2 protein chains.
Amino acid sequence: MGLAKTEIFTDLQNEIALYAKVFGHPARVAILEHLFKINACVCGDLVNEIGLAQPTISQHLKELKNLGLIKGTVEGTSVCYCIHKENWTQMKEVMFKFLDQDLPKSNCC
Amino acid sequence: MGLAKTEIFTDLQNEIALYAKVFGHPARVAILEHLFKINACVCGDLVNEIGLAQPTISQHLKELKNLGLIKGTVEGTSVCYCIHKENWTQMKEVMFKFLDQDLPKSNCC
DNA sequence: CCTATTAATCGTAATATTGCAATATACAAA
DNA sequence: TTTGTATATTGCAATATTACGATTAATAGG
């Protein structure tokens, strides 16, 4: 199949999975880390920064954009990318709640 | 290809991606949430709890176990699962650091 | 030993992902 | 208009993932 049965899970579970999936590739992690490090817009040097071909980077950027985690604004012939602050904060809340659940006190096994 | 070029990324980037990948499926999110909710060991009722076939659940559990996020201890004919507290805490630190990076103050785009 | 129960593994079909060459698009500068 | 530059899209090959039926292990209780 290769197809997740999303209909049997809650919206929140699917949302968490979607966010996590996009972080599930080191190239996208690297892109995001670079955007954070530069702390501003980045115009196209991502292809040089990360060692993947231009179409591949473009594809990863698209996935990040589709989830709303980054923004891209056209600037002449190039496109400037940066973190979408509001959406990132919102995503962070969802992921934190999932990751930060209370661990059982008892040592069960 | 379908094969990530892990060798061109840092160990940390690959580690983050591996953790995120395992959370990138709603079934595994649901399994973990159930383990947190029960707050103790769970003996095999995951198949009933989540609406997937037994081999499918078993496969998802294996992936969670491979990453060390859960433990499974044999108890007679059944197996009891629970969160691996130490490893979960360690994973949380890694993911928090990634998710909680400082957002740029300036509005770039 | 035999049988039932539970969970893991195997095999396989359907689908998704990754990466890139080739190409297309969009715009700036000459 | 033409040329160059930057990015997006298309198409495809290789591989990965998801799901499950069938089967296999492992153990408990007769």
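Residues numbered from 1 in each chain as written. Chains lettered and ligands numbered in written order. Predicted model: local features only at pLDDT ≥ 70, side-chain atom pairs only at ≥ 80, totals over all residues. Heavy atoms only, no water.

Colleague: Help me understand the UniProt feature "domain: HTH arsR-type" (unreviewed entry) in chain A in this model?
Modeller: In this structure's numbering, the residues bearing the UniProt feature "domain: HTH arsR-type" (unreviewed entry) are residues 8-103 of chain A. What you have in residues 8-103 of chain A is 59% helix and 15% strand, and the ends, taken at the C-alpha atoms, are 26 Å apart. (UniProt positions renumbered as here; feature names shortened; annotations may be inferred. Helix = DSSP H or I, 4+ residues; strand = E, 2+ residues; numbered from the N terminus.)

Colleague: Help me understand the sheet that holds strand β2 (residues 70-75) of chain B in this model?
Modeller: Sheets are built from strands that pair by backbone hydrogen bonding, the pairs being arranged parallel or antiparallel. All names here are of chain B. Here three strands make up an open sheet; going across it, the order is β1-β3-β2 and the pairing antiparallel. With partners counted over all chains shown, the strands left at the sheet margins are β1 (42-43) and β2, one partner each. When β1 meets strand β3 (residues 78-83), the two strands line up antiparallel, connected through two bridges. Across the sheet, the residue bridging to Cys43 is Cys80, located in β3. Strands in contact with helix α4 (residues 54-66) are β2 and β3; relative to β2, the strand with the most contacts, it is inclined by about 120 degrees. (Pairing = 2+ DSSP bridges. Contact = heavy atoms within 4.5 Å. Axes fitted to C-alpha atoms, helices over the stretch in contact; angles between N-to-C directions.)

Colleague: I'm lost on the sheet that holds strand β3 (residues 78-83) of chain A in this one. Help?
Modeller: Residue and element names in this part refer to chain A. Taken in spatial order, the three strands make up an open sheet running β1-β3-β2, and their pairing is antiparallel. If you trace the sheet from one side to the other, it starts and ends with β1 (42-43) and β2 (70-75), each paired once. Each of β1, β2 and β3 touches helix α2 (residues 26-38); the most contacted strand, β3, lies at about 85 degrees to it.

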